[in-house]
Amino acid sequence: MSEIPYKIYLSENEIPTAWYNVRADMKNKPAPLLNPGTGEPLKVEDLYPIFCEELCKQEMNNTDQWIDIPGEIVDFYKMYRPSPLVRAYCLEKALDTPAHIYYKFEGNNTSGSHKLNSAIAQAYYAKKQGLKGVTTETGAGQWGTALSMSTAYFGLDCQVYMVKVSYEQKPFRREVMRTYGATVTPSPSMTTNVGRKINEEFPGTDGSLGCAISEAVEAATSQEGYRYVLGSVLSQVLLHQSVIGLEAKAALDKYGIKADTIIGCAGGGSNLGGLISPFVGQMLRGEADYEIIAVEPASCPSLTRGSYVYDFCDTGRVCPLAKMYTLGSDFMPAPNHAGGLRYHGMSSIVSQLYDDGYIKARSVKQTDVFAAATQFARVEGILPAPESSHAIKVAIDEALKCKETGEAKNIVFGLTGTGYFDLVAYQKYNDGVMDDYIPTDEDIAKSLAKCPKIG
Ligand SMILES: *Cc1c(COP(=O)(O)O)cnc(C)c1O
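Residues numbered from 1 in each chain as written. Predicted model: local features only at pLDDT ≥ 70, side-chain atom pairs only at ≥ 80, totals over all residues. Heavy atoms only, no water.

**Brief notes about the domain arrangement of the protein**
Each assigned domain of the protein is listed with its residue range as follows: domain 1 (7-14 + 71-112 + 241-448) and domain 2 (22-67 + 115-235). Spacing between the C-alpha centres of domain 1 and domain 2 amounts to 22 Å. Contact residues are listed per partner, giving 48 residues for domain 1 and 49 residues for domain 2. Its largest share of buried area at the contact with domain 2, domain 1 owes to Phe76, Ser111 and Phe421, together 16% of the area lost on that side. (Domains from an automatic or database assignment. Contact = heavy atoms within 4.5 Å. Buried area = accessible area lost by both parts, 1.4 Å probe.)

Structure, rendered in structure tokens:
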């Protein structure tokens, strides 16, 4: 057995005290957000009615490499961070691979995912600005849970618009949020103009993330003392998630391990962006090289089959326009059980890095993902979230390639969360009734045709 422990823990004093802003090192900056009405680039003040001021500044910050993490946030991080970097000895043995596999485990908090890293920061800035509360959307429920934990901690009101199908299918998630004091409304609802309009146009609809975003934004802008917060996609969220990568890198450095391949699942791109940020920073500065792989579901393949264009971020088209790899804001992904990966677009930072060739992307089929999840759970003990299992699947594929070539690569992947609320999906897989719908080229072309024509 090697000297590297099963779990590399950092001490509390090694929690990062500044977030790393990868945009500062990017030569090609992510494209600016545009006003959906005029098509002009947004100024920071234009965002103030929607987001907290400090977060608007972070959203627009392309220059500061490091942004201090306020002490109150570091104190909260101490309750569940540093998260362990685990050497997957048992998985390596089961695969009989010469590769060394490591995973950064972010599921060790009640929300069950990495989303708490940004939720606590966004709640902190809302509190500091003297707001009464925040509104948001949630799909699978991880983000809403993380946010309600954070608003409870700072004594803020929290209004969550939950995609109707998840609201009905995941009553337990809903109760966790309510236990932390949040109000949870199934979306589309009759409480907003945009919700009423969507309900009228599509009676009986199951709802979608894009539609819940429109409702949450309307709720924030129509109530005094409220702002909207978002769990992924935005550059501020990637910034907060850089704690994942900073800790992972510190843990590897401690044992003199140089990662070769870094793998993360990509929904809106925040966990992947956060995990890879300090490593990509080295690539951008010409200090080191890594192979970075973003993994997305074959049912919602924005990087591998989307276009890099300006698009709407929400179905109601009230949000700023963002240039990103997108499938079109009307794209309705087939019901995939990795709810956190069903967004039509991708972070503008991840999109630009992908376009510039720093990141590769791969899409994987749902049943293959659950096979990998099952294999992982049986040897490593943790029941992984379906989203995270996309990264597991590709980590296993890469480790098996090493078995053929004999290379002892260091593979690092992000294990973003646990799957206790996804047991209906596991049940489908275990019963052999899970499907693998992959959109046709026509499906994608149809929704892409509706992107705004800009540039
Ligand atoms: C939300 C979520 C994701 C995907 O979101 P990103 O913004 O792409 O990171 C992945 N894993 C889990 C467990 C999630 O909850």
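**A word on the side chain of Ser235**
Following the sequence through the fold, Ser235 ends up in helix 10 (residues 235-254). For Ser235, a relative accessible area of 5% gives the class buried. The residues touching Ser235, leaving out its near neighbours within four places in the chain, are Arg23, Glu59, Ser348 and Ile349. (Helix = DSSP H or I, 4+ residues; strand = E, 2+ residues; numbered from the N terminus. Buried < 20%, exposed > 50% of the residue type's maximum accessible area, 1.4 Å probe, protein only.)

**So, the layout of surface pockets**
Volume-wise, the largest pocket comes out at about 1,300 Å³. Lining the largest pocket are 48 residues, and of these Val163, Val165, Gly207, Ser208 and Arg342 lie nearest its centre. If you list the elements that add at least two residues to the lining of the largest pocket, you get helix 6 (164-169), helix 7 (171-179), helix 8 (193-201), helix 9 (209-221) and helix 16 (423-430). Each residue belonging to the lining of the largest pocket can be placed in one class, and the counts come to 24 nonpolar, 14 polar and 10 charged. When we break the lining of the largest pocket down by domain, the ones giving at least three residues each are domain 1 (7-14 + 71-112 + 241-448) and domain 2 (22-67 + 115-235). (1 Å grid on protein atoms, 1.4 Å probe; cavity = no way out; pocket = protein on both sides within 12 Å on 5 of 7 lines; lining within 4 Å. Points joined across faces, edges and corners; volume = space filled by probe spheres on them. Nonpolar A, V, L, I, M, F, W, Y, C, P; charged D, E, K, R; others polar.)

**Section: the side chain of Lys170**
Following the sequence through the fold, Lys170 ends up in the loop between helix 6 and helix 7. With residues up to four places along the chain from it excluded, the contact list for Lys170 reads Ala140, Met162, Phe421 and Asp422.

**Re the pattern of salt bridges**
Any two side chains of opposite charge can pair, on the condition that their charged atoms come close. Per the stated rule, a full pass over the model turns up 18 salt bridges. Linking Glu398 and Lys401 is a salt bridge whose minimum nitrogen-to-oxygen distance equals 2.9 Å. Taken as a pair, Glu398 and Lys401 lie in helix 15 (residues 386-405) at a separation of 3 residues, close to a single helical turn. Note on Lys401: relative accessible area 43%, which makes it partly exposed. One network of salt bridges, in which partners are shared, links Arg81, Lys104, Glu106 and Glu247. (Salt bridge = Lys/Arg side-chain N within 4 Å of Asp/Glu carboxyl O.)

**Here we look at the site of the ligand**
Around the ligand there are 18 residues in total, and Lys115, Ser232, Gly267, Asn271 and Thr416 lie nearest to it. Between an oxygen atom of the ligand and a side-chain N or O atom of Ser232, the distance comes to 2.4 Å. Backbone polar atom of Gly268 to an oxygen atom of the ligand: 3.0 Å apart, as the coordinates give it. In isolation the ligand exposes 380 Å². Once the protein is present, 98% of that is buried. (Near = heavy atom within 4 Å. Polar contact = N/O pair within 3.5 Å; in protein donor to acceptor, adjacent residues only side chain to side chain. Areas by Shrake-Rupley, 256 points an atom, 1.4 Å probe, with all protein chains shown as cover.)

**What about the packing of helix 14 (residues 366-380) against helix 15?**
For the pair helix 14 and helix 15, the least separation of the axes is 8 Å and the interaxial angle reads 85°. One element, helix 14, and the other, helix 15, form an angle in the roughly perpendicular class. On helix 15, the residues touching Asp368, Val369, Phe370, Ala372, Ala373, Gln375 and Phe376 of helix 14 are Pro386, Ser389, His390, Ile392, Lys393 and Ile396. Partitioned by chemical class, the residues of the contact of helix 14 with helix 15 number 8 nonpolar, 3 polar and 2 charged. (Axes fitted to C-alpha atoms, helices over the stretch in contact; angles between N-to-C directions. Parallel < 35°, antiparallel > 145°, perpendicular 65-115°, else oblique.)

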